[in-house]
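Close look at the chain arrangement
Take a look at the letters that make up each chain.
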Amino acid sequence: MEAVLLIFILMLAIFLGFELINKVPSSLHTPLMSGSNAISGITLVGALISAGEGNNTFTIVLGTLAVIFATMNVVGGYLVTDRMLAMFRKKTGGAK
Amino acid sequence: MEAVLLIFILMLAIFLGFELINKVPSSLHTPLMSGSNAISGITLVGALISAGEGNNTFTIVLGTLAVIFATMNVVGGYLVTDRMLAMFRKKTGGAK
Amino acid sequence: MLIGVPKEMQPGENRVSLIPADVKKLIGLGAKVLIEKDLGHNANFADDEYLVAGAEIADARDEILKNADIILRLRKPPITEVGLMKPNSLHISYLDPYNENDLTEEFRQHRITALSMEMIPRTTRAQKMDALSSQASLAGYVTVLLAAEKLPRILPMMMTPAGTLKPANVFIIGVGVAGLQAIATAKRLGARVTAFDPRSETAEQVHSLGAKFLDIDLGDTAQTKDGYAVELTPAQLDIQKQTQKEQIAKSDIVITTAQVFGRRPPVLITKEMLAGMRNGSVIVDMAAETGGNVEGSTAGKTVEIDGVSIIGDGNWANYVACDASQMYSSNLFSLIEEFWDKEQNKFKLDLTDDILHSCVITHQGEIVNERIKNLNK
Amino acid sequence: MLIGVPKEMQPGENRVSLIPADVKKLIGLGAKVLIEKDLGHNANFADDEYLVAGAEIADARDEILKNADIILRLRKPPITEVGLMKPNSLHISYLDPYNENDLTEEFRQHRITALSMEMIPRTTRAQKMDALSSQASLAGYVTVLLAAEKLPRILPMMMTPAGTLKPANVFIIGVGVAGLQAIATAKRLGARVTAFDPRSETAEQVHSLGAKFLDIDLGDTAQTKDGYAVELTPAQLDIQKQTQKEQIAKSDIVITTAQVFGRRPPVLITKEMLAGMRNGSVIVDMAAETGGNVEGSTAGKTVEIDGVSIIGDGNWANYVACDASQMYSSNLFSLIEEFWDKEQNKFKLDLTDDILHSCVITHQGEIVNERIKNLNK
Amino acid sequence: MDNTLLINLCYVAAAVLFIFGLKELGSPATARRGNLLSSVGMLIAVFVTLFDKNILDFKWILLGIIIGSLIGVFAARAVAMTAMPEMVALLNGSGGLASLLVGFAAIFLDVNTTFTYITIILSILIGGITFSGSFIAWGKLSERISGKPVLFGGQQILNLILVLAIIAAGVMFTLQPENLFYIYIVIGLSLLLGIMVVIPIGGADMPVVISLLNSYSGLAACAAGFAINNIILIVAGALVGASGIILTNIMCKAMNRSLSNVLFSGFGSVKQIAGTAVGEVKPISPEDAYYVLESASNVLIVPGYGLAVAQAQHVVKELQELLEKNGAEVFYAVHPVAGRMPGHMNVLLAEADVSYDLLLEMEQANPRMETFDVAMVIGANDVVNPDSRDNETSPIYGMPIINVDYARTVFVLKRSMASGFAGIENPLFFKPNTRMLFGDAKESIGSVVREFGN
Amino acid sequence: MDNTLLINLCYVAAAVLFIFGLKELGSPATARRGNLLSSVGMLIAVFVTLFDKNILDFKWILLGIIIGSLIGVFAARAVAMTAMPEMVALLNGSGGLASLLVGFAAIFLDVNTTFTYITIILSILIGGITFSGSFIAWGKLSERISGKPVLFGGQQILNLILVLAIIAAGVMFTLQPENLFYIYIVIGLSLLLGIMVVIPIGGADMPVVISLLNSYSGLAACAAGFAINNIILIVAGALVGASGIILTNIMCKAMNRSLSNVLFSGFGSVKQIAGTAVGEVKPISPEDAYYVLESASNVLIVPGYGLAVAQAQHVVKELQELLEKNGAEVFYAVHPVAGRMPGHMNVLLAEADVSYDLLLEMEQANPRMETFDVAMVIGANDVVNPDSRDNETSPIYGMPIINVDYARTVFVLKRSMASGFAGIENPLFFKPNTRMLFGDAKESIGSVVREFGN
Ligand SMILES: NC(=O)c1ccc[n+]([C@@H]2O[C@H](COP(=O)([O-])OP(=O)(O)OC[C@H]3O[C@@H](n4cnc5c(N)ncnc54)[C@H](OP(=O)(O)O)[C@@H]3O)[C@@H](O)[C@H]2O)c1
Ligand SMILES: NC(=O)c1ccc[n+]([C@@H]2O[C@H](COP(=O)([O-])OP(=O)(O)OC[C@H]3O[C@@H](n4cnc5c(N)ncnc54)[C@H](OP(=O)(O)O)[C@@H]3O)[C@@H](O)[C@H]2O)c1
Ligand SMILES: NC(=O)c1ccc[n+]([C@@H]2O[C@H](COP(=O)([O-])OP(=O)(O)OC[C@H]3O[C@@H](n4cnc5c(N)ncnc54)[C@H](O)[C@@H]3O)[C@@H](O)[C@H]2O)c1
Ligand SMILES: NC(=O)c1ccc[n+]([C@@H]2O[C@H](COP(=O)([O-])OP(=O)(O)OC[C@H]3O[C@@H](n4cnc5c(N)ncnc54)[C@H](O)[C@@H]3O)[C@@H](O)[C@H]2O)c1
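So, here's what we can say about the structure. (Residues numbered from 1 in each chain as written. Chains lettered and ligands numbered in written order. Predicted model: local features only at pLDDT ≥ 70, side-chain atom pairs only at ≥ 80, totals over all residues. Heavy atoms only, no water.)

Digging into the site of ligand 2
Taken together, 29 residues lie near ligand 2, and N381, D382, R415, S416 and D440 of chain F sit nearest. At ligand 2, the nearby residues belong to more than one chain, namely chains D and F. G379 of chain F is positioned with one of its backbone polar atoms (N or O) 3.0 Å from an oxygen atom of ligand 2. Among the elements that take part in the shell around ligand 2, helix α13 (residues 305-310) of chain F stands out by supplying four residues, more than any other. (Near = heavy atom within 4 Å. Polar contact = N/O pair within 3.5 Å; in protein donor to acceptor, adjacent residues only side chain to side chain. Helix = DSSP H or I, 4+ residues; strand = E, 2+ residues; numbered from the N terminus.)

Written as structure tokens, this is what we have:
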């Protein structure tokens, strides 16, 4: 049963993903890319779980590494995006 | 756990529903309405299940009634919609 | 009430003060209309059109003058004819009251009520009677045609296998009704149009026709409540001239429409500015008749100075006499209708009304118009 | 190689065959240019502009004729001057070869190579030398101006407090280069424009200028490879006239540009059609000089018939002499440049080239142009 | 287990088909196929359900399906094109009723937690409202009931009480599920509530109401889905519920109303509010303006000096053409003194090549003003100032104007509330049927034009 | 249980925030807030996860987070605005690597079914490709590796073999999970594959590649989510994966390329194909044309007789203004014989009030043709026919033309492949950088203009 639900969720999420993005002005391409890239850093959550599982050293190592990289992705991603958007705001002020 | 998944599904489905419809030309308002109305006849599936549960007469009665009404909704809904769209196609041929 | 329409006396005047369509309307109001023979001939309105409309044709001109309660004309009457008119009758036409003191006096003495079309106020409500505007806008159109025809070049741009012809530069000085129409017409023909007017709000109006406005800082300039410009100080005039010089030099056509109501129009283009212009360029001086914006322009004809033709014909609307008549006639009708008393079937002369108050000059042997009265003192 | 440019002899002709800008270009090619005094005066080009451009000014007209290897003119030369020219020299100008047999003969006898600007083919490649087109398009513009100025009404629509002035109806017969330009100009001025031409593809061209096309079914009509119309059969002409009648009657301005290359232009407007038109209406007969599309039109002047003015001035481009000269001059330069041999610094007369093949009339004592030769048989 | 897995995978497929179906229903080109897709989805869903292990007995089901189908087919064939909305209302109602019944029946299914009980009550409540509401809507549309809003004091309070009562009964029921009494109360009150919320609405607004109830029936199905723990119901229901809301919103906009205003402000009473709303300026966004224009069939454009200042003539022409392509009739009414010189508007409109035949003089436009769905006042002010008609004290009293305020809806395009040449206030801006589209005329119209895209 | 419920509800909240975040990132006005929203969502997700009962030991976590954050912050601060794309590539790579590791680690978690094993392999595979691919992309962008496409025979075949090998290893692993050997193979080959697919692509296309890899990293996270059975990973991952594809698609369009063409046609080699594609006519839709124009900064409009026939002058003017508002420079190049009479184009452009200063003569336009991103040929044909420049045998050889084919991209707007006045074929239509926008010019441009809306 649960697997089915997960598939449902996957399906809906994918459709939603498709619908979310319509027309993006070229000036936003890079920011949007890195913005959603930051979201894909969600894998950090997974990393935490594996890193937290104290029992097996190997997984801990893997986990911790995962945490490091995922965190880089998340933190870096959001900051970079924000920086880009900040100056974008300035640059093309009125432009639609 | 399952409840959570259902909530997830609900949430995603609702968002998807919102995103699906953008700009509908007024000529399509009624067809779209009755089209989606036909979909809401999905409750027929529920009706079937209750009607099929042979054990309790009362539920069977309820179920059968439900089946009748739901089927009306589904069958009628789709046919009506199709009729509308058919003549709509004819009427405003080229018009966007 | 009998409305009489004599022919215009001025030679070369083709316009007519009343056209058949409006005759019909007047009769619809309940008036009777008596016209002189061949009244509309020059404007291409035949007598029988008038007859069909319901007018009667008088045998003699005097008959009209003697009997009419209202006389409609375009141009001011010959002073000799004032005496022939019925006392207390109403005479409507251009009167140029600021300059025609004798005529005014004559009207006063013979107790004729004289209504001057020039003096119709520039209020939104009075616009339909505003003959100055209606004729001015036609004049604006005509000036451009005359200039374009005189110019040895074409106005629009043309990129052709035989090279590119640059669009002509047209400079319009004075953006009143006529000026605006001139801008519109020149723009239509594809010219590069620039304009100037001391009344600051005209800038927006110029832009609203897609033309450029020449920015000259004259300090503050005033405008009367009727939207007329107030005369500039000599200092301001100098600034204006200096700044315009260059624009004029690079213009193929210059049209000057500068007027200051009741004053002599300012001289804006001097001989040496003319010298600065290209050979074959054309200037239209709309103010030529009243003194001229251009040094050397001659009222009523076209002169050439330093290879620049200066058109001073005047009576511009007369070139499109047919339409001009229709508009003037419609102005008159609107005026009469506005003050027509349906019950008693007569023109109600209510001097408290702000329109009549400002356009009626003499009434019952008095000069009732303030401005004119003070003038004569 | 010496290029000589004598003044135009025809009285009232203000255009000039070569302007300073192109003098410069010719000299750039390596030619020498010798012009007559006051050459460009009427088109507002001063002698010193020519001098600056590098031309020399001849003391006497004969000097030019005698010495020049290439003579550039606009109008056909006086037959007397052909004899004065250097044998085997090249003479470029309008020659009207279909009608000027004597002139052609004269050229042949004196072994002058005569190049007729009318005979430049209408190919895409030759367009930059196509003087007919360049002058015709200016002519089209002029005709509308003349008509508009003559008309006692304005062309655009005007909704004003003094009533609504309907847009003038303009009907243009013949949609060649001139006709198209006339349509464009009338449209610009805000008129309601309708047009007709027997060449079916012109309908689209008319619409492409936002004007209406009068649909007349004439059966099939042909067109030469140069895009010229072929003469209509009498039957077709009748149909056309009948159908146009009504359109003409309701038009304020009619402009006829109907030409059939090398033939007498068709008569399209008869006296009785004129009678059907409103008083004050205006007709421009562009074909007046070559016989006229309008019954009663007189070449070179404006006549009035039944209250309708018929303008037949002709030489339309001359009204905008300055631009007209620029374009004609540019046509000449393009022609010379096209066949200029940089090495030997001379005009290479290659009769196999399809352009020269069709526009050179006489060469080395022969009439080399097929059409003309057959004509004289 | 395997069986359920299969069924559920089919459900996924069905859901996908519903999603595509809804999306395609939204655009003319694909609408018909969309409807087909979703019907296929429905077929799959129903068919596989029959393999549900819980289903022991098919005869009743078959009976029900046959009867239902017969009625459905007959209804769909019989109904006249003009009566479509009523028909939709009825079908929608039966859908709601079905959800109610399913929810009811769910009580007697084996396992039930508090959670399911709540969902059961929800499905009954929403289903009930949908059913009776749709029924009333049908009555009003088919004029079996008067289309006039039925209004009486304390209506809102009464509705509030009803809601509270329902909640109370619901709570009681969850506490002692074996006692059906409370459920009957819930059912009864729900039906009543459905009636109560619809009667105060005028017949003209019924389409919006139906669309809203349609969205409700989706939610009802969704709730039922939770009650009997069936995913396809949940997904499909939620999709319909959500998209229904959006559609309702769009329909409101096309009628120049706001959804919240339909949802909460006691429906019909809007009219009163509007009526008394003099003195209030109502701005409108280009997007909303688009919805109104898109559904208009007669549009009058009234140009003024502002059009000239903005040089908006070209984009106005484009708007005209788009409207015409959309099946609307468009005219221009030109006031004699519009602009700053005689014939000012003519110059501009001729430049944009607007056909002379579309220009109406004031005298031609005014008599037929009521026939225009929308009057677009573009940068005009004095020439549409009702004061010069109604207010003796106004300095421009007596000047004939273009009576745009008699049109169904008036859009006024200008940059601010500033006055025009005559320098006087314009009461038009405060009329209930006036919407102010603020901003440079060219910009504003440009945005509206672009709304016509995709 | 309660605990998990709470966590999961927070996950729902996080998901909602991600959804809003993504949506808002799509439009300039809201983009920045959108980024903020999604970051909040992330914070919530991460924070609540720490309460997961499976987490016994926090020190490693903290260590990892601190190190990661430091690097992240530093990188974000340090990087130059111009180097942003590289930076994104790197971050994306690290994300992929993380997913790989998570998947790897998941092997050692307690319960594992075949299903989870498959998902584990998927997460490793996709994660690996993302990592190495992004790394190469970074190298090419920052010119640490030559930007030139690295091409050699049998490239495609090799990639195919790699994929098959990975599958094989994957199967082996699922059969004997205890044997890590196969997993290492999978990892190794995935990394290799990542490199292989990116090296053949030119540096210019890297942005698209990164965007695609970004979408992959979403999928990787999604797969990892299945592997460790965590919903938020699945949802967020799927969202990013899907929206990433769309974004990639959009970027391709802006570069006048098709996604499939980027996805499958061995990337870089497109250029050759294009190069050899003479004789092939490539139509383009108004929507795609919009994307190209929207991202162009120099546009040349070349009007011809067709513009006149279509009476498209007004809408062309509007397009010009939209492009200018969008920051582009727009000029018109008017050929002396364009149209059917001397000055035909001037009449139309003047009517639309196009400023004279924007009109270039042929002689002015040609020298700077290379500087134009797009040359829009609107209903012109003969006057842009390269034959009159290159082909002695052509009847119009020798007539100077406007060399639009030297512009980066050429749009030709006409209704068909019909020839113009001169009645001769036009090779321009077959040039690799030419796109045909078929249809009446006015219609076509109108649709493009409307694409600029919302
Ligand atoms: N026709 C003539 O011959 C003539 C001559 C002289 C005077 N007048 C007078 O002019 C008036 C004409 O009436 P009207 O209604 O045409 O003009 P109006 O009454 O002057 O009103 C024009 C309106 O346009 C708005 N506007 C200005 N620029 C705009 C822009 N860029 N975008 C959008 N809106 C803009 C202004 O409001 P915002 O500032 O809020 O935008 C203003 O309220 C009459 O009073 C008439 O008497 C006419
Ligand atoms: N300028 C002059 O004085 C003059 C005079 C006479 C002849 N000519 C000749 O005319 C030609 C001018 O060249 P050009 O490039 O301007 O025009 P062109 O070569 O004649 O090509 C015009 C193109 O526009 C397209 N078209 C027509 N209607 C259209 C519509 N509604 N929408 C979109 N496209 C449309 C046609 O293709 P589709 O049918 O496929 O749409 C046609 O290929 C030259 O050969 C010149 O020699 C010029
Ligand atoms: N209220 C109305 O409805 C209404 C009706 C008609 C006219 N008006 C307004 O009245 C105003 C005057 O109209 P008019 O055409 O009769 O004016 P006018 O003929 O008296 O003068 C013509 C123009 O000359 C200008 N001028 C004066 N001195 C000048 C100088 N030194 N240099 C350049 N220009 C100079 C004036 O400003 C005026 O614009 C216009 O603005 C017009 O809009 C208003
Ligand atoms: N290939 C080129 O580049 C090029 C260059 C210039 C002109 N042309 C074409 O050559 C054609 C002729 O040009 P033109 O202006 O010199 O022609 P023209 O001056 O010889 O004749 C003028 C017009 O009169 C028309 N006409 C003939 N009989 C008529 C009748 N009975 N009623 C009405 N109209 C009649 C002709 O069709 C022609 O359109 C035009 O279509 C023009 O486009 C082509």
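Back to the text.
Some details on the packing of helix α2 (residues 29-40) of chain A against helix α9 (residues 231-254) of chain F
Contact geometry of α2 of chain A with α9 of chain F gives a least axis separation of 9 Å together with a crossing angle of 160°. Judged by the angle between their axes, α2 of chain A and α9 of chain F are roughly antiparallel. The way α2 of chain A lies across α9 of chain F gives a crossing that is left-handed. In contact with H29, L32, M33, S36, I39 and S40 of chain A of α2 of chain A, α9 of chain F contributes A236, V240, L247, I250, M251 and A254 of chain F. Class assignment of the residues belonging to the contact of α2 of chain A with α9 of chain F gives a composition of nine nonpolar, three polar and no charged. (Axes fitted to C-alpha atoms, helices over the stretch in contact; angles between N-to-C directions. Parallel < 35°, antiparallel > 145°, perpendicular 65-115°, else oblique. Left-handed = near helix turned anticlockwise from the far one by under 90°. Contact = heavy atoms within 4.5 Å. Nonpolar A, V, L, I, M, F, W, Y, C, P; charged D, E, K, R; others polar.)

Quick word on the pairing of strand β2 (residues 32-35) of chain C
Residue and element names in this part refer to chain C. Bridging between strand β1 (residues 2-5) and β2 involves four bridges; their strand directions are parallel. Of the residues in β2, the one forming a bridge with I3 is V33. The β-α-β motif built from β1, the intervening helix α1 (residues 20-29) and the parallel element β2 has right-handed crossover chirality. With two bridges joining them, β2 and strand β3 (residues 56-57) adopt parallel strand pairing. Residue pairing in the sheet places I35 in a bridge with I57 of β3. For the handedness criterion, the β-α-β arrangement of β2, helix α2 (residues 47-53) and β3 is classed as right-handed. (Pairing = 2+ DSSP bridges. Right-handed = clockwise from strand over helix to strand, strands pointing away.)

Observations concerning the site of ligand 1
Neighbouring ligand 1 are 29 residues, the closest being N381, D382, R415, S416 and D440 of chain E. Surrounding ligand 1 is a set of residues that belongs to chains C and E. Taking T124 of chain C, its side chain carries an N or O atom lying 3.0 Å from an oxygen atom of ligand 1. Note that an oxygen atom of ligand 1 is positioned 3.0 Å from one of the backbone N or O atoms of F421 of chain E. The fraction of the free accessible surface of ligand 1 (910 Å²) that becomes covered by protein chains is 94%. Of all the secondary-structure elements, those providing two or more residues to the shell around ligand 1 are α13 (305-310) and β5 (409-414) of chain E. (Areas by Shrake-Rupley, 256 points an atom, 1.4 Å probe, with all protein chains shown as cover.)

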